[in-house]
Amino acid sequence: MPYSWSTEQSADGAEECLTLWPYRSLSKRGFAIFILVTAGMISLPLLSVLGTVVLWGILPFFALVVGGIWYAIQRSYKDADMGEELRINPGAVHLVRTNVRGPAQTWECESYWAKVHMHPTGGPVPHYVTLTGHGREVEIGAFLSEAERKSLYGEIAEALRRATCAVPNAAH
């Protein structure tokens, strides 16, 4: 799963921290191997024109193809360099979304009033998960798969329940 939970101690008591990131199927090592194999496979036909003038006519196109693949995969890595961090403690719920381009977005609410909702249909993706509180509704984990969003919904609901139960004088 491209998210993980951790527990930290804060002034308000135990704080649960959820970190989410987009899934990456190609590791940096896999990227290097892919570029090497692609360059090797594309260069095989060049062996037949080795030592001729034709090689110099084909070589710039070979470089453009390998460079284009390199650029496209690097751009994909950069576009996926985003994430979300949700902190839940008995006093407050705080969400920070780090965007690739543009400033980070934040949302905060008292933990007692924070609610998590799942929208099976009608959202930009199936089983869209949102947090509501303090007069705002914000999305969380939209870049996760449908199964991961379903699982995440239950985990966030349970973490919010634990946080509200930990508030000493909360009216239930």
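What counts, and at which threshold
- Residues numbered from 1 in each chain as written.
- Predicted model: local features only at pLDDT ≥ 70, side-chain atom pairs only at ≥ 80, totals over all residues.
- Heavy atoms only, no water.
- Core = buried A, V, L, I, M, F, W, Y, C linked by side-chain atoms within 4.5 Å.
- Buried < 20%, exposed > 50% of the residue type's maximum accessible area, 1.4 Å probe, protein only.
- Helix = DSSP H or I, 4+ residues; strand = E, 2+ residues; numbered from the N terminus.
- Contact = heavy atoms within 4.5 Å.
- Pairing = 2+ DSSP bridges.
- Axes fitted to C-alpha atoms, helices over the stretch in contact; angles between N-to-C directions.

Q: Please set out the nonpolar core residue by residue, giving values where relevant.
A: Side chains of a nonpolar character, in soluble globular proteins, are inclined to be buried together. Judged by nonpolar contacts, the single largest core of 21 residues is most densely connected at Leu18, Leu86, Trp107, Leu131, Ile140, Ile156 and Leu160. Of all the secondary-structure elements, those providing two or more residues to this core are β2 (13-20), β3 (83-88), β4 (92-98), β5 (105-110), β7 (128-133) and α3 (146-166). Counting residues per element, this core draws most heavily on α3, at five residues. Among residues more than four places away in sequence, those in contact with Leu160 are Ile88, Val93, Ala114, Lys115, Val116 and Leu131. Counting residues in each nonpolar core, the second largest holds ten residues, with Leu46, Val49, Phe62 and Ile73 among its members.

Q: Describe the sheet that holds strand β6 (residues 115-119), with residues and values.
A: Within a sheet, each strand pairs with its neighbour through backbone hydrogen bonds, oriented either parallel or antiparallel. The three strands lie next to each other as β6-β7-β8, forming an open sheet whose pairing is antiparallel. The open sheet is flanked by β6 and β8 (136-139), the only strands paired with a single partner. Ignoring which end each strand starts from, the neighbouring axes of this sheet average 30 degrees apart. Relative to β7, β6 runs antiparallel, the two sharing five bridges. Counted as the bridge partner of His117 is Thr130 from β7.

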